[in-house]
Amino acid sequence: DAKTTQPPSMDCAEGRAANLPCNHSTISGNEYVYWYRQIHSQGPQYIIHGLKNNETNEMASLIITEDRKSSTLILPHATLRDTAVYYCIVRADNYGQNFVFGPGTRLSVLP
Amino acid sequence: DTGVSQNPRHKITKRGQNVTFRCDPISEHNRLYWYRQTLGQGPEFLTYFQNEAQLEKSRLLSDRFSAERPKGSFSTLEIQRTEQGDSAMYLCASSLDRVNYGYTFGSGTRLTVV
């Protein structure tokens, strides 16, 4: 079973920041938080991951709370092409551990 | 490198027929994963290979399903005696043999059993 909970859907206006929350209250010390997204009819695409520090790359920023029980993915300037299902996943840094996907958050970026 | 390639993109088959899908991972990735995704759900893990060795299989992988990766490069997933419940998107992903490393997914094969 997925170890995260996410809202089923969110809307965001084009050009505004999209903030996608994720709860992972049972996360353990060696588990990373990963974010993927899936645009219709494509495979999931890696976005970003982190352990406890905030992370930023060319796609997004990841803010992890100090107690690591929740995180937020931030798309700073959402475009229509960011409309997708966003998955938050926790995974330990063990060899062979697989990604367990939940239903994710369906983000709709509106013009 | 063109990423993870899956063929065919779409497959329609009659119930009871056998089907085979192919996945070509990123060339330097020695781990390969198969997932299945039904409408409105997140992908579900089926099986994974490290090089040519199949190291884990989900209970979702019934005895009608078989996966191979004969030379540690491409992989095939075969479904025998297909059932309507097998209709889904079958996704392949690959990664390096390294902790703290994400997957690269292919675009999937959409199977429709009629």
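Computed from a prediction, not measured in an experiment: that's the story for all the values here.

1. Concerning the interface of chain A and chain B
Contacts between the two partners involve 22 residues from chain A and, on the opposite side, 22 residues from chain B. Of the roughly 1,700 Å² buried between chain A and chain B, counting both surfaces, carbon and sulfur atoms make up 48%. Linking chain A with chain B are zero salt bridges. At the boundary of chain A with chain B, the tally comes to six residue pairs in polar contact (both at pLDDT 80 or more). A per-element tally of the side of chain A that touches chain B places strand β3 (residues 31–38) of chain A first, with four residues. Across the side of chain A that touches chain B, the residue classes break down as 10 nonpolar, 10 polar and two charged.

2. Considering the pairing of strand β8 (residues 75–79) of chain B
All names here are of chain B. Residues Ser 75, Leu 77 and Ile 79 point to one face of β8 and are all buried, whereas Thr 76 and Glu 78, pointing to the other face, are not buried. Here five bridges tie strand β3 (residues 19–24) to β8, and the two strands are oriented antiparallel to one another. Directly across from Phe 21, in β8, lies its bridge partner Leu 77. Where strand β7 (residues 65–68) and β8 come together, four bridges link them in antiparallel fashion. For Ser 66, the partnering residue across the bridge sits in β8 and is Glu 78. Between the antiparallel neighbours β7 and β8 lie six residues, among them Gly 72 with a positive phi of about 70°.

3. Brief notes about the pairing of strand β2 (residues 18–23) of chain A
Residue and element names in this part refer to chain A. Only one face of β2 is buried, namely the one carrying Ala 18, Leu 20 and Cys 22, since none of Asn 19, Pro 21 and Asn 23 on the opposite face is buried. Here β2 runs beside strand β7 (residues 70–75); their pairing, made up of six bridges, is antiparallel. Bridging across to β7, Pro 21 finds its partner in Thr 72.

4. Observations regarding the nonpolar core
Residues and elements named next belong to chain A. Counting residues in hydrophobic clusters, the biggest one holds 21 residues, and the most contacted among them are Leu 20, Trp 35, Leu 73, Leu 75, Tyr 86 and Leu 107. Counting residues per element, this core draws most heavily on strand β8 (residues 84–92), which supplies four residues. Aside from chain neighbours lying at most four places away, what touches Leu 107 is Met 10, Asp 11, Cys 12, Ala 18, Leu 20, Leu 75, Asp 82, Thr 83, Ala 84 and Tyr 86.

5. Side note on the side chain of B:His29
Residue and element names in this part refer to chain B. In this structure, His 29 sits in the loop between β3 and β4 (31–37). Its relative accessible area of 5% is what places His 29 among the buried residues. Once you skip the residues sitting within four places of it in the chain, His 29 turns out to touch Arg 69, Ser 94, Ser 95, Leu 96, Tyr 101 and Thr 104.

6. A short note on the sheet that holds strand β6 (residues 61–64) of chain A
Pairing between the strands of a sheet comes from backbone hydrogen bonds, and it takes one of two forms, parallel or antiparallel. Residues and elements named next belong to chain A. A sheet is described by the order of its strands in space; here four strands give the open sequence β2-β7-β6-β5, paired in antiparallel fashion. Each end of this open sheet is capped by a strand with a single partner; those strands are β2 and β5 (55–56). Pairing between β6 and β7: four bridges, direction antiparallel. Note that in β7 the partner of Ser 61 across the bridge is Ile 74.

7. Section: the sheet that holds β7(B)
All names here are of chain B. Read from one edge of the open sheet, four strands run β1-β3-β8-β7, paired in antiparallel fashion. The open sheet has two edge strands with one neighbour each: β1 (5–7) and β7. Strand-to-strand, the axes of this sheet are offset by a mean angle of 15°, without reference to chain direction.

8. Focus: the packing of aromatic side chains
Counted according to the given criterion, the structure contains 18 aromatic pairs over all chains. Ring plane angle 70° and centroid distance 5.3 Å describe the contact between A:Tyr36 and A:Phe99, whose orientation is recorded as edge-to-face. Taken together, the residues span a long stretch of sequence, with A:Tyr36 in strand β3 and A:Phe99 in the loop between β8 and β9 (105–110) at a distance of 63 residues. Their ring planes at 90° and their centres at 5.8 Å tell us that A:Phe101 and B:Tyr35 sit as a pair that is edge-to-face. Pair noted here: A:Phe101 is in the loop between β8 and β9 and B:Tyr35 is in strand β4, and the two residues belong to different chains. A relative accessible area of 0% places B:Tyr35 in the buried class. Sitting over the face of the ring of B:Phe74, B:Arg22 holds its NZ or CZ atom 3.9 Å from the ring centroid.

The rules we used
- Residues numbered from 1 in each chain as written.
- Chains lettered and ligands numbered in written order.
- Predicted model: local features only at pLDDT ≥ 70, side-chain atom pairs only at ≥ 80, totals over all residues.
- Heavy atoms only, no water.
- Contact = heavy atoms within 4.5 Å.
- Buried area = accessible area lost by both parts, 1.4 Å probe.
- Salt bridge = Lys/Arg side-chain N within 4 Å of Asp/Glu carboxyl O.
- Polar contact = N/O pair within 3.5 Å; in protein donor to acceptor, adjacent residues only side chain to side chain.
- Helix = DSSP H or I, 4+ residues; strand = E, 2+ residues; numbered from the N terminus.
- Nonpolar A, V, L, I, M, F, W, Y, C, P; charged D, E, K, R; others polar.
- Buried < 20%, exposed > 50% of the residue type's maximum accessible area, 1.4 Å probe, protein only.
- Pairing = 2+ DSSP bridges.
- Core = buried A, V, L, I, M, F, W, Y, C linked by side-chain atoms within 4.5 Å.
- Axes fitted to C-alpha atoms, helices over the stretch in contact; angles between N-to-C directions.
- Phe/Tyr/Trp six-rings, centres within 6.5 Å; stacked < 30°, edge-to-face > 60°.
- Lys NZ or Arg CZ within 6 Å of the ring centre and 35° of its normal.

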